[in-house]
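Summary of the model geometry
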Amino acid sequence: MNELLPQPEHDHFRAKAAASEHPRELIIDLLRAIQEHHGWVPDEGVELTAEILGLSPLQVEEIATFYDKIFRRPVGRKVIHYCDSICCWATGGEQVAAHLQQKLGIGPGETTADGAFTLLPSCCLGACGDAPAMMIELKLYGRLTPEKIDAALEKEKD
Amino acid sequence: MPTLTIDNQTVTVPDGTNVLEAAQQLGIVIPHFCYHEALGAVGSCRLCAMKFEQGPVKGIEMACMVQAQDGMVVSTVDAEAQELRAAVIEWLMLNHPHDCPVCDEGGECQLQDMTIAGGHGIRRYRGKKRTWINQDLGPFIEQEMNRCIQCYRCVRTYRDYCGGDDFGVMGSRNRVFFGRFKEGKLESPFSGNLADVCPTGVFTDKTCRFRSRSWDLQEAASICPHCSLGCSVIPGARYRELQRVRSGINRQTNGFFICDRGRFGYGHVNHPERPRTPKLQGADAAWPEALQLARRRLTDIAAKVGPEAIALLGSPRASLESLALLHDWAKQLGGARFCGDPQPGRDRAARQLTALLGSRARSLEDVRRSDCLLLVGSDPLNEAPLLGLAVRQAARRGARVIVIDPRPVELPCNFQRLSTGPEELPQRLEHLVSTTEPTDDLSTLRTLLHQAERPILCGGGDLLGEVGIRQLAAAADHFGTGLFVTLGGPNSYGAALLSGDGPDADQLCEEMLAGKIRALVCLENDPLADGPQRMARALGKLEFLLILDHAPNRLSRQADVFLPTTTVAEGSGTLVNNEGRMLSFSTVFNPGIPLGISSEGGHPPRSFSPTTAGGEPRPAWAVLAQLRGENQSPEMIRRKLEGRDSRFAGLSLLDPDGEGQRVRGGGHPAGSHDQSFPHPAPEGSLPLLVVEQLFGSEQLASLSPALDAVQPDPQVLLHPETAAARGLKEGDTIALHTELETFSLQLKLNAAMTPGLLLATRLRDTPLELFAPGSPTPCLVGKGGGDA
Ligand code: SF4
Ligand code: SF4
Ligand code: FES
Ligand code: FES
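Residues numbered from 1 in each chain as written. Chains lettered and ligands numbered in written order. Predicted model: local features only at pLDDT ≥ 70, side-chain atom pairs only at ≥ 80, totals over all residues. Heavy atoms only, no water.

1. Regarding the overall build of chain B
Scanning chain B from terminus to terminus reveals 23 helices and 34 strands. Compactness check: chain B gives a C-alpha radius of gyration of 28 Å against a globular reference of 28 Å for 788 residues, within 12% of the reference. If one aligns the C-alpha atoms of chain B with their principal axes, the spans along those axes are about 85 × 75 × 55 Å. Counting all 788 residues of chain B, 61% fall into the buried class. Only carbon and sulfur atoms are counted for the fraction: they give 49% of the accessible area of chain B, which is about 30,400 Å². (Helix = DSSP H or I, 4+ residues; strand = E, 2+ residues; numbered from the N terminus. Rg over C-alpha atoms; globule rule 2.2 N^0.38 Å. Buried < 20%, exposed > 50% of the residue type's maximum accessible area, 1.4 Å probe, protein only. Areas by Shrake-Rupley, 256 points an atom, 1.4 Å probe, with all protein chains shown as cover.)

Next comes the structure, spelled out in C-alpha cells:
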C-alpha cells in the first residue's frame, strides 16, 4: 500500500480515525493525501480509505465522485481547471476554454500526449473579481487573455 | 388535529400530517416521487407543488414539506402550480429514454402515471441524453440506469431504512449514478425492495425479467409463508406459474417492505418435482380411489384397534382452516391423537408462548416505535428478517438495543452484545429479574428497561425453548414490558392454539414405537426432515401412512396414500403469526403445471383436454373435508371454528387487505413429559448448536431456484480461543461425531460468538438438516474429513 500512501501518513490517519467520533469527516483529507502521493485515486485508494476509516468503499466513492478535484482517473502532471461559471462566462470564459483547447490540442477531460496537462472545466473558483480565471494545480491565474494563458502554460510546463 | 381546505373540500387530519397526505385523504393525488409513507418527505423531486392561498403559508410550496395547519386554504388546480408541475416533470423526463415497450416497469410505472398526471405529454428536448453502463447487481435485481429520475427513493430505502452500506449514489449534479462501488451482489437481505420503491424501471425484479406485463399477472393479497411474522405480500402469477412476489402493505406487521427470502422464495410453487397427483405407495392414482382407500384404512384401524391408534400431525405451514379440520377430525374419530407441529422443540415453545403472551403481545409496528429493545436468543436477520428491519427503525428513533445470544448476531443498527451460551439463556433471564443481584453486567440493562417508556423483550423460540419463553415472559412481567417472540413457521401460533395440552411429536413417536399408534396422517409436513430424530424408526412401525403435501416430500413415495395439496398462493385461508394475529390470504391462481415447463420453452402443447395438466392438487381443507365425507368451504370452516372456539372470534370477517386481528385468548403449554435423563455429554465434547439461516434453512424457500445462487456453503463456526485450545485453525476440515451421525465440515473462526460452542447452519439436504434448530447436541470434534 506504500505506493498509495507513505507509511507515516498511513499511521497518522489511522490514529486520527481511531480518535475521531465520526471518521467519515476524514474522507476528503485521506483521499487528498493519496492523490498527493499517487497523482490520482485508483480503486485501491478508495478501498484503502474505506478500510482505514471503517466505512464501506461505496461510502468513500460517493464522496470521491462528488468532488471534481478528487481524480478517479489518471491525470497529467498538472491539472488545469478553467472556470465555466457565471462571472467568467460573462467575461469571456468560453474564449478561454477554446484557447486552452486549441493550444493544448485536447478537449475538456483529456490529457496532452506528453502527459504534461489535463484540462478540466470547473465551477466557480472564487475568483469572480478576477474573471475569467483558471487554476493550474493550486495556482490561480486571473483576468485571462490569450497571451496570459500562453505565458502561464509556458511557465507551468516542466 | 388541524382542519384545512383543499380544493374547496374541508379535511381534518392528525397533527404532523403534511399537506400532500392531507390531500390524499380527500382522494386528491398530486404527482410526487420523493415522498413515500415509510421514507417520509424530503422535498427533493420538486413535483408536489400546490398553491397556498390563505393561512399561515402563502404562495407555491412543495406540499410534502408543509405541515397541515388550521385555516389553510390550498389549491391543487391553481394554474401556476399546474404549470410548475408540468415543467418539473418535463425536466425530470429530459434524460429518460423512450423505452417503455422494453421496460419491465411499463404498466405499473409511477413515472408513466405521474408524467401524464403532471401534464407533460409532448417531449420538446432534442439534445443528447445522459447514458450509463449498467452494473450486474447479482441474481435478484436488474439495473437499467438510463431510466433514473434522481428521486433518491432507492438510497433512502436501501441505506436509511434498511441499513445497507454497499449501495448508494455517486457523482454529482445531472450525472448521478445509483449503484455499488463495484459490480456484485447487493448484500442487504432487503435488496429486493429496490424493485418496489423505484418509481421507474431502473431497478426491477431480475427473477421475472421480460416475463409479464403487470396487467397480465394474476395478483391477490396474500401472506408470506417463509417465517412466523406473516408479512403481507402480493404474489403475481401467469401461465400457471408464480412469477414474482412484491410487498403488500400492512402497517401493523411488515409495513411496506419484505425480505429477500419472502420475495424470491416463491419457486417452490413451480418446482418441477412438486407432487401433483395422488399416489398409492408411490404409484399415481385417481382422487376417488386414493380418498376411498385412505378413508377405509383409517376407519378399519379405528374400528379394529380404536381411534387412539390414529395420529394426526399438522404443521406450522398449514392454514388455520386445514388445521381446524384436522383437529376436529381427531375428535370426530372419537379420540385420535392430534399434534400441530412435527418439531417438538418448536411446538412446545409455540404452545408456551400462546399460554403466556396475553396482553403482553406486541406487533412489529410496536417494535418500530419502541424505545428499548432487549433481544434474547433471537437472530432476526436469520430467523425473522423483518424483525431486524423493525429493530433498525426503533434504533433510528433513538432506541437502545441489547442482544443476549451465543451467535455472532448481526443487526442493521448499533447494538450492545452480551454473549451468552445457549444453555445459559434462561439463567441469564433469571438473573435479570432477580432483585438481590449485586451489580453485574446486567445492571445497566435493568436500569434501561426500568426507565424506558415502551420497552419490548424480543425472543427467538428456537433458542429459548419453552423454558426460556417462560423466563422471558416472567421478565416482561417484572419490567412491565411487551413481548415479541418469533416462532418456527407462518402458522406455528395457530397450530399451537389448537394443540393445547395434547401430545407433542415426541410422544407420538414413542407411541408409534410402542405399537400403540398404527396410522399417521401428516398434513403438509415432512416428518423425516422436521420430526423428532426417531421418526424414521417410528414410521417403520406404522400400518398406514397418509401424507398431504404440496412440497416434494421425502415420504411421498413411501406413503400408503399421498394426496397433493395447494400452496398458499393457490388457495385462501388464514395464518396466525407469532403475535397471535390472524391474517387471511386469498387465492392468487389455480394450480397447474406451468406452461413454461409443459411447453419446454416452445409452443404450449397442442393436445386438448377438459382438465388442466397438473391441476390436481386441492386445498388441504378440501381434501380433509372429503376424507371426512363432508362438504365444506373455507367460510363454513371459519364460521364453525369461531362458533365453537371464541378465541377465533372475528375469523370469518377478516379481510385479506386488512391488518388482521389478534386471537382472543391464549393456549395451553404442552403437557410435561418426562424428559428422559439426558445422556451425560462425552468427555471432551462441545455442544453443537444448529440454527436457522436467512437462506438455506427454511424448507419452502430452499426449494426456490432463484435462491440457489445465495445458498451458503455448509460450515461450522468456532470461537478462535476454543479453536486454538484444540489446535484447530480456520479452513480446517473437521469431523463432527454426534449421537445421530458423523460428518465433516469446514471450520470458520468467529470472535463474536460465545466460546466453547460449535455453531452450524441448518441447511436443507445436508446432514445438518436433521438437527432440531436451537437445541444443542453433544459433539466430539476430530481433525480431518471422514472418520477421524
Ligand atoms: S434509481 Fe429509481 S429510485 Fe433510485 S433515484 Fe433513480 S428513479 Fe429514483
Ligand atoms: S420477514 Fe418472514 S414473513 Fe416477512 S417477508 Fe421475510 S420471510 Fe416472509
Ligand atoms: S465565476 Fe469564475 S471564478 Fe467565480
Ligand atoms: S414529493 Fe414533494 S417534493 Fe417530491
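2. As for the sheet that holds strand β32 (residues 742-749) of chain B
All names here are of chain B. Taken in spatial order, the six strands line up as β29-β33-β30-β32-β31-β34 and close into a barrel, and their pairing is mixed. Strand after strand, the sheet turns through a mean of 45° between neighbouring axes, direction not considered. Note: strand β30 (residues 715-718) against β32, four bridges, orientation parallel. Directly across from Gln715, in β32, lies its bridge partner Gln746. (Pairing = 2+ DSSP bridges. Axes fitted to C-alpha atoms, helices over the stretch in contact; angles between N-to-C directions.)

3. Considering unusual backbone geometry
Trans is the common state for peptide bonds, and a negative phi is the common state for residues other than glycine. In this model, Ala131 of chain A is joined to Pro132 of chain A through a cis peptide bond whose omega is -5°. For Arg143 of chain A, which is not glycine, the phi dihedral falls at a positive 45°. Positioned with a positive phi, Asp765 of chain B is a non-glycine residue whose angle comes to about 60°. For Asp765 of chain B, the position within the fold is in the loop between β33 (758-761) and β34 (777-783).

4. Quick word on empty space enclosed by the protein
All names here are of chain B. Under the defined criterion, the tally for this structure stands at eight cavities of 30 Å³ or more. By volume, the largest cavity is sized at about 260 Å³. In terms of lining residues, the largest cavity is bounded by 25 residues, among which Pro316, Arg346, Gly488, Asp530 and Arg764 are the most central. Grouping the constituent residues of the lining of the largest cavity by class yields six nonpolar, eight polar and 11 charged. (1 Å grid on protein atoms, 1.4 Å probe; cavity = no way out; pocket = protein on both sides within 12 Å on 5 of 7 lines; lining within 4 Å. Points joined across faces, edges and corners; volume = space filled by probe spheres on them. Nonpolar A, V, L, I, M, F, W, Y, C, P; charged D, E, K, R; others polar.)

5. Focus: the nonpolar core
By size, the foremost hydrophobic cluster in this structure holds 87 residues, and its most contacted members are Leu374, Leu445, Leu546, Leu563, Leu627 and Phe648 of chain B. The dominant element in this core, judged by the number of residues it contributes, is helix α15 (residues 461-479) of chain B, at eight residues. Those residues in contact with Leu627 of chain B that lie beyond four places of it in its chain are Leu291, Ala294, Arg295, Trp329, Leu546 and Leu563 of chain B. If you look at the next biggest cluster of nonpolar residues, it comprises 49 residues, including Val41 and Val60 of chain A together with Phe140 and Phe203 of chain B. (Core = buried A, V, L, I, M, F, W, Y, C linked by side-chain atoms within 4.5 Å. Contact = heavy atoms within 4.5 Å.)

6. Concerning the pattern of salt bridges
Pairing is possible between side chains of opposite charge, provided their charged atoms come close. Residue and element names in this part refer to chain B. For the structure shown, the criterion picks out 60 salt bridges over all chains. A salt bridge links Asp549 to Arg317; the shortest N-O distance between them is 2.9 Å. Separated by 232 residues along the polypeptide, Asp549 in strand β24 (residues 544-549) and Arg317 in the loop between β16 (310-313) and α8 (320-332) bring together distant segments of the chain. One exposure class covers both Asp549 and Arg317, and it is buried. The salt bridge involving Glu321 is made with Arg638; its shortest N-O contact spans 2.6 Å. One end of the pair, Glu321, is in helix α8; the other, Arg638, is in helix α22 (residues 634-644), and 317 residues separate them in sequence. According to the relative accessible area criterion, Glu321 is buried, its value standing at 2%. The class of Arg638 is buried, set by a relative accessible area of 12%. (Salt bridge = Lys/Arg side-chain N within 4 Å of Asp/Glu carboxyl O.)

7. A short note on the environment of Asn553 of chain B
Residues and elements named next belong to chain B. Note on placement: Asn553 falls in the loop between β24 and β25 (561-564). Taking the relative accessible area as the measure of exposure, Asn553 reaches 5% and is therefore buried. It is 9.1 Å that separates the C-alpha atoms of Asn553 and Pro527, two residues lying 26 residues apart in sequence. If near-sequence neighbours (up to four positions away) are discounted, Asn553 is found in contact with Asn525, Asp526, Ile547 and Phe562. Separated by 2.9 Å, the side chain of Asn553 and the backbone oxygen of Asn525 make a polar contact. (Polar contact = N/O pair within 3.5 Å; in protein donor to acceptor, adjacent residues only side chain to side chain.)

8. Things to note about the packing of helix α3 (residues 43-53) of chain A against helix α4 (residues 57-66) of chain A
All names here are of chain A. Orientation of α3 relative to α4, taken along the N-to-C sense of each, is 120°, at an axis distance of 8 Å. Considering the angle they form, α3 stands oblique to α4. When the axes of α3 and α4 are compared, the crossing they make is right-handed. Contacts between α3 and α4 involve Val46, Glu47, Thr49 and Ala50 from the first element and Pro57, Val60 and Glu61 from the second. For the contact of α3 with α4, the residue count by class is four nonpolar, one polar and two charged. (Parallel < 35°, antiparallel > 145°, perpendicular 65-115°, else oblique. Left-handed = near helix turned anticlockwise from the far one by under 90°.)

9. Describing the packing of α8 of chain B against helix α16 (residues 492-499) of chain B
Residues and elements named next belong to chain B. Where α8 contacts α16, the axes come no closer than 10 Å and their chain directions differ by 20°. With respect to their mutual orientation, α8 and α16 come out roughly parallel. Two packed elements cross with a definite hand, and for α8 against α16 that hand is right-handed. Contacts between α8 and α16 pair Leu320, Leu323, Ala324 and His327 from the former with Gly494, Ala495 and Leu498 from the latter. Classifying every residue of the contact of α8 with α16 gives five nonpolar, two polar and no charged.

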